[in-house]
2 protein chains.
Amino acid sequence: MLKQPSAGGDDGSGFTPLVVVELAPDAKEEAVVWLTRKISDSEQSGGAGLSVQQLWSGTAETEKDNPNVFLVGGSRQRLLSGAEDLGLFKEFNDGSMRAFTCANRDNFKDFKGDGDGFLSMAECQYIVKHELDSLRAKSETHIPGYEKAKLYPGKSIIRRMQSKGILVQVFPLHETEELKRLSFTWYKKVKLSLQPLDEIRHYYGEGLALYFGFLEYFTFALVPMALVGVPYYLFDWESYDKYVLFAGFNLVWCTVILEAWKRSSATMAYRWGTLSRKKAFEEPRPGFRGVLGLNPVTGREEPLYPNTKRLLRVYLVSVPFVVLCLYLSLYVMMVYFLMEGWALSLHDAEPTFWTTVLTFVPSVIYAVVIEVMNLIYRYAAEFLTGWENHRLESSYQNHLVLKVLVFNFFNCFASLFYIAFVMQDMVMLRQSLATLLITSQILNQVMEAFLPYWLQRRRNKKMMRRARKRASPPPAEMPLADQVRLEADMSTYLGTFDDYLELFLLFGYVSLFSCVYPLAAVLVVLNNVTEVYSDAFKMCHVFKRPFSEPAANIGVWQLAFEAMSVIAVVTNCALIGMSPQVKSYFPESETQLILWTAAIEHGLLALKLILTFVIPDVPKHIQTKLARLEFESLEALKKKVRASTEVG
Amino acid sequence: MLKQPSAGGDDGSGFTPLVVVELAPDAKEEAVVWLTRKISDSEQSGGAGLSVQQLWSGTAETEKDNPNVFLVGGSRQRLLSGAEDLGLFKEFNDGSMRAFTCANRDNFKDFKGDGDGFLSMAECQYIVKHELDSLRAKSETHIPGYEKAKLYPGKSIIRRMQSKGILVQVFPLHETEELKRLSFTWYKKVKLSLQPLDEIRHYYGEGLALYFGFLEYFTFALVPMALVGVPYYLFDWESYDKYVLFAGFNLVWCTVILEAWKRSSATMAYRWGTLSRKKAFEEPRPGFRGVLGLNPVTGREEPLYPNTKRLLRVYLVSVPFVVLCLYLSLYVMMVYFLMEGWALSLHDAEPTFWTTVLTFVPSVIYAVVIEVMNLIYRYAAEFLTGWENHRLESSYQNHLVLKVLVFNFFNCFASLFYIAFVMQDMVMLRQSLATLLITSQILNQVMEAFLPYWLQRRRNKKMMRRARKRASPPPAEMPLADQVRLEADMSTYLGTFDDYLELFLLFGYVSLFSCVYPLAAVLVVLNNVTEVYSDAFKMCHVFKRPFSEPAANIGVWQLAFEAMSVIAVVTNCALIGMSPQVKSYFPESETQLILWTAAIEHGLLALKLILTFVIPDVPKHIQTKLARLEFESLEALKKKVRASTEVG
């Protein structure tokens, strides 16, 4: 475990603060004492066996500071046994990845002496989080001091305190030195090299590293499309047979890159040890409500909620609601087109300065309305998904992602579909596509990075000023207390959802109408390059450090991207079928043209399906390594069985 | 273990013959002795620890009898430890299915006393087969007496002897009493009840029971389609809007029944303990050739064959060959249509008796040519797949199934596709469909059951006559030696491949053109009912007993049926789009009609996809039970870890 250099001030002998636990400033004393005792009690007596320290042990300077901030750490031995509990995969002596066990620790590659530096700080923090989360009530019926915060045997204490507002937040600390080094190699160094994915994983965990890996992969995968697209723009190749070639190339390319990504992500996940890691049993999410009963899986008492009720809520309320919202979104779009037509006709009839302005008004209104609708819908989707009462966080996330995805897809692309297939106006389609793509890119960069950065900067300055007031001359390194105070105020990174969503929509702009706007790929590549920098910056300086999240793949997003590439086959075939160049091949019969288009489209879809089957998702050499592990564990089991038979 | 009542004559104290090992009559004495010693040696000294007896221990009566026939059995203790090695799942006291372990044996439901009757005879035979298969060479470099039959450490002895022709066959014995009981409840009792699937599984294993389960399920699933189809035939409902309704119903129904089958098969596989059973490490198939090297998975020395070479063979030879065969099949079909057109025109010009006969000639020639092509292709496919040199039997089977499937699909349906979409002759389509369906059903029943039955009967009579000659009066029960001789001569059941293929093609007849021939479902239901009886009969009386094969699902066939149902959406939409009734809705524009048809087809395909995602493959209550097992093993692991940490 890496010791944090800046943590030398406040802590006692050998205590390295890993995670900050912030309770409400007005939390009742008895609850605070009870929780800290639970954290520091030994495992045998039902505690977590971790060390805990109050941040301002008697030294709270200002009254504004919250006294109930605690630092949690753990002894090296405790963290190693926690790693074993979690089934953390580490590199073995022979280069393979294996579940860490204390008994076998000397056979792991980086395990030297007493294991100093073996676990990364992110791993230690993840272990501490896991241990905190699995602090369970035994005989307590409620949290001391809070009659209403009911507990039952086996309920996670932290989750209950969080859902009752007694616990404000639990977050891992940044490592200032490590962060400086990482941000230098990541984005400060002006260079043309790959991102340091292994270091990102080391600092932020696999989930985030996979996002950045995907962002990088996606950018590189679009470069060939961009290169092919540039001459179309430069030389004004308006002939449609060239567009047909371009679209054909794009369709095959999209399939291939998505399949290849699966392999490349499996390779990364294998290197990081998450590919064959078994998921631990999932706890109910904090917001889950139900009637106390026996869980049929664990046999423990916990709230239960009938699955049929949930399904009824999903199919009878959520699905109709989403359909209604989609209809509303279509309706708003139709109103926009009506308004625009009306404004244009006014302008054409009697062109003045004011009518010119008027022609822009519908677009502006539409853009604003779309943003507002997206915002409202997001809240509604979160509320509805919460109300569906999913037991697991993963199932909650899947339902939320699906809802938001479908609506965003509609909002972004419905107008383009309308222009392409109802109005059949290719010039307008190209203009709208370019406008939408560029504005959404600019908006995103501002909303995502610059705004939070500016807010954070203001906050930082305030803090520094305060610190300078207190101690002059200011110390070269920020004291731990200030660091904790600073980080506690930072915004919380809400996960990779919005980042993936952005990439998903960009992928849509590139693939759906690729044959009418070949420059889209170029724009997206440029956007992605800046996106790497702004995302890296925001992770390092704008947000609290997130807990690392083990992940073996990009999950539901792989499916979303594949669905998009299937829709792209349909749209591109239709666009090509509508092009005058292709139409001229069938001068006498439109029917023949459509039949041919449909046949080619079915052929392409079948080809995609076959490619998906034929290309193995996991590269051969990784498959072999996984099979080897499986085989060894089978052999070990056999030996054990044989030994026990011989004894028995 | 059930003792075989008829096995009381020849065997010594407590020896129950389970499996027959037949070596070549001219096998060298030293090889025979070496093999029998290997089988009976204890496990510690590298043997299988089973008991072995020569069938004609000095009593071979006629010179025609092969002296090298051996009976293999095993002590109860040996078979139980073999069950543990294999990870056989049995019912636990709490009703769940768990891997059997000797240490825990008293907690299994049917384990009483010393375990008599705990393992079924089929399970015992499967265990014996596994133990025989895993008899491995140690320091031997070749089979004694056969310089050319090379061995290397770890090579399966049985497989090498089989591939060199020293070993003729290994097969399990029937249980006469049990078989009588099974065949009575299965097909002799005239009744309208379900098949005794659990008993079939008990006697033949999970693979075959799943086939019969699927046959039964498929028959019941077609009943609603048949019921809806009958009035169309009876009342001559020729109006196409009714056909549209029928086709729509069929498409949704096909998707639903295939999804529901997955759930029902998961339920069965859970009950039989194969659902969560882990596959043991697979050995190379007997025909696999390669250069000796270290297997990267096991680290053992065995023949290796580079994967790239295999892929080259598949893509550069097999795929072009299959495409060529498909082209040939199409070419033959075109010749057939030409010949038929020519014969019809001759008949129309000058109708005589001979021209009437002539109109039938092309059909007869085509039918014969198709059968011959199927036969030749099957040999070619087997040769090619063998030449591709797959390491695993499962991968060999998958490649073979795919090759045969595609060609059979073409051969059966190409002419129908041609009639439907090129000639657009619905009356001819209906006639051809009916002719093909009925002839193929009759042919199948004859080839599959009656012919082998008749051959078997002749053989049986001969045997009985011989036995009667020897001993008069004839004994009430056949002596074991005669039973073995009789069964050794029976044909070998080559697996469920042909049975599934037949169902697959029937499913094609029902689903692909359902809207033009609603009676197809009725015919298929009738066929399936007789199929159950003839298949049951052939399993009980025509074929050798097959080794039971654990299976959790119907494997690649699920995929094949789903692919068929996707193709059915396309064909039915096209047929409906071509119907005059639907055409009359779009009197002025054919383009509109085609666009609508395409749109509806895409909608249906999307609906199918969504249904596949939304319906869980495993029923909730089975998921819960599986999760419970998983959770318990995790908990047990944790406890073990904790205990070892406390000790350490």
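Residues numbered from 1 in each chain as written. Chains lettered and ligands numbered in written order. Predicted model: local features only at pLDDT ≥ 70, side-chain atom pairs only at ≥ 80, totals over all residues. Heavy atoms only, no water.

K.L.:
Could you clarify how one ought to interpret the sheet that holds strand E2 (residues 51-54) of chain A in this entry?
P.N.:
Residue and element names in this part refer to chain A. The strand order across the open sheet built from four strands is E2-E3-E1-E8, with neighbouring strands paired in antiparallel fashion. Edge positions in the open sheet fall to E2 and strand E8 (167-172), since each of these has one partner strand only. Adjacent strand axes in the sheet meet at a mean angle of 20° when their direction is disregarded. Relative to strand E3 (residues 69-73), strand E1 (residues 19-23) runs antiparallel, the two sharing four bridges. When the bridges of E3 are listed, Glu22 appears paired with Val69. Of the strands in this sheet, E1, E3 and E8 are in contact with helix H13 (residues 480-489), which crosses E8 at around 115°. (Pairing = 2+ DSSP bridges. Helix = DSSP H or I, 4+ residues; strand = E, 2+ residues; numbered from the N terminus. Axes fitted to C-alpha atoms, helices over the stretch in contact; angles between N-to-C directions. Contact = heavy atoms within 4.5 Å.)

K.L.:
Looking at this model, I keep getting lost on the sheet that holds strand E2 (residues 51-54) of chain B. Mind explaining?
P.N.:
Note: strands within a sheet are paired through backbone hydrogen bonds, in either parallel or antiparallel orientation. Residues and elements named next belong to chain B. Taken together, the four strands give an open sheet; going across it, the order is E2-E3-E1-E8, and neighbouring strands pair in antiparallel fashion. A single partner strand is all that each edge strand has here, and the edge strands are E2 and strand E8 (167-172). Averaged over neighbouring strand pairs, the angle between their axes works out to 20° when direction is ignored. Helix H3 (residues 121-133) rests against strand E1 (19-23), strand E3 (69-73) and E8 of the sheet, and its axis sits at about 40° to E1.

K.L.:
Hey, could you run me through the pattern of salt bridges in this one?
P.N.:
Side chains bearing opposite charge may pair, as long as their charged atoms lie close to each other. Residue and element names in this part refer to chain B. One pass over the structure, following the stated rule, counts 39 salt bridges over all chains. Across the pair Arg78 and Glu131 runs a salt bridge, and its minimum N-O distance is 2.8 Å. With Arg78 in helix H2 (residues 76-86) and Glu131 in helix H3, this pair connects stretches of sequence that are 53 residues apart. Among the residues examined, Arg78 registers a relative accessible area of 7% and is labelled buried. (Salt bridge = Lys/Arg side-chain N within 4 Å of Asp/Glu carboxyl O. Buried < 20%, exposed > 50% of the residue type's maximum accessible area, 1.4 Å probe, protein only.)

K.L.:
Sorry, what's going on with the UniProt feature "transmembrane region" (unreviewed entry) in chain A here?
P.N.:
Mapped onto the present numbering, the UniProt feature "transmembrane region" (unreviewed entry) falls on residues 208-231, 243-261, 314-339, 359-380, 400-421, 433-455 and 503-526 of chain A. Secondary structure content for residues 208-231 of chain A is 100% helix and 0% strand, while the C-alpha to C-alpha distance between its ends is 36 Å. (UniProt positions renumbered as here; feature names shortened; annotations may be inferred.)

K.L.:
I tried to follow a nonpolar patch on the surface on my own but got confused; where do I start?
P.N.:
Together, Leu311, Leu312, Tyr315, Leu316, Val317, Val319, Val323 and Leu559 of chain A together with Leu609, Ile610, Phe613 and Val614 of chain B give the surface a local cluster of nonpolar side chains, amounting to about 1100 Å² of exposed area. Those elements giving two or more residues to the nonpolar patch turn out to be helix H9 (307-349) of chain A together with helix H18 (590-614) of chain B. When residues of the nonpolar patch are assigned to their parent elements, the largest contribution, seven residues, is made by H9 of chain A. Note that Val323 of chain A resides in helix H9. (Patch = residues over 30% accessible without salt bridge, like charges linked within 9 Å, V, L, I, M, F, W, Y side chains within 5 Å. Areas by Shrake-Rupley, 256 points an atom, 1.4 Å probe, with all protein chains shown as cover.)

K.L.:
Just checking my understanding: could you explain the side chain of Glu340 of chain B for this structure?
P.N.:
All names here are of chain B. By secondary structure assignment, the location of Glu340 is in helix H9 (residues 307-349). Arg430 is the oppositely charged side chain nearest to the buried, salt-bridge-free Glu340, at an N-O distance of 16 Å. Those residues within four positions of Glu340 in sequence are excluded, and the remaining contacts are Pro362, Ser363 and Met428. (Lys, Arg positive; Asp, Glu negative; His and termini not counted.)

K.L.:
Sorry if this is basic, but what is going on with helix H10 (residues 353-387) of chain B here?
P.N.:
Count 3.6 residues to each turn of an α-helix, and residues three or four apart come out pointing the same way. Residues and elements named next belong to chain B. Compared with an ideal rise of 1.5 Å per residue, which puts 35 residues at 51 Å, H10 spans 51 Å between its outermost C-alpha atoms and is within 8% of the ideal. Taking the largest bend as the criterion, H10 deviates by roughly 25°, centred on Phe360, and proline Pro362 comes between one and four positions later. Listing the buried residues of H10 in full gives Thr355, Thr359, Pro362, Tyr366, Ile370, Met373, Asn374, Tyr377, Ala381, Leu384, Thr385 and Gly386. Along its buried surface, H10 packs onto H9 and helix H11 (393-423). The opening residue of H10 is Thr352, an N-cap whose side-chain oxygen sits 3.3 Å from the backbone nitrogen of Trp354. Phi turns positive one or two residues past the end of H10, at Asn389, with a value near 60°. (Expected span 1.5 Å × (residues − 1). Bend = angle between axes of the 7 residues up to and from the residue. Polar contact = N/O pair within 3.5 Å; in protein donor to acceptor, adjacent residues only side chain to side chain.)

K.L.:
Sorry, what's going on with the packing of helix H7 (residues 206-234) of chain A against helix H14 (residues 497-512) of chain A here?
P.N.:
In a packed pair of helices, the relevant descriptors are the angle between the two axes and the axis-to-axis distance. Residue and element names in this part refer to chain A. Running from N to C, H7 and H14 point in directions that differ by 15°, and their axes come no closer than 11 Å. The angle between the axes of H7 and H14 places the two elements in the roughly parallel class. Where H7 crosses over H14, the two elements pack in a sense that is left-handed. Taking contact as the criterion, the partners of Leu210, Tyr211, Phe214, Leu215, Phe218, Leu222 and Met225 in H7 are, on H14, Asp499, Tyr500, Leu503, Phe507 and Val510. By residue class, the composition of the contact of H7 with H14 is 11 nonpolar, no polar and one charged. (Parallel < 35°, antiparallel > 145°, perpendicular 65-115°, else oblique. Left-handed = near helix turned anticlockwise from the far one by under 90°. Nonpolar A, V, L, I, M, F, W, Y, C, P; charged D, E, K, R; others polar.)

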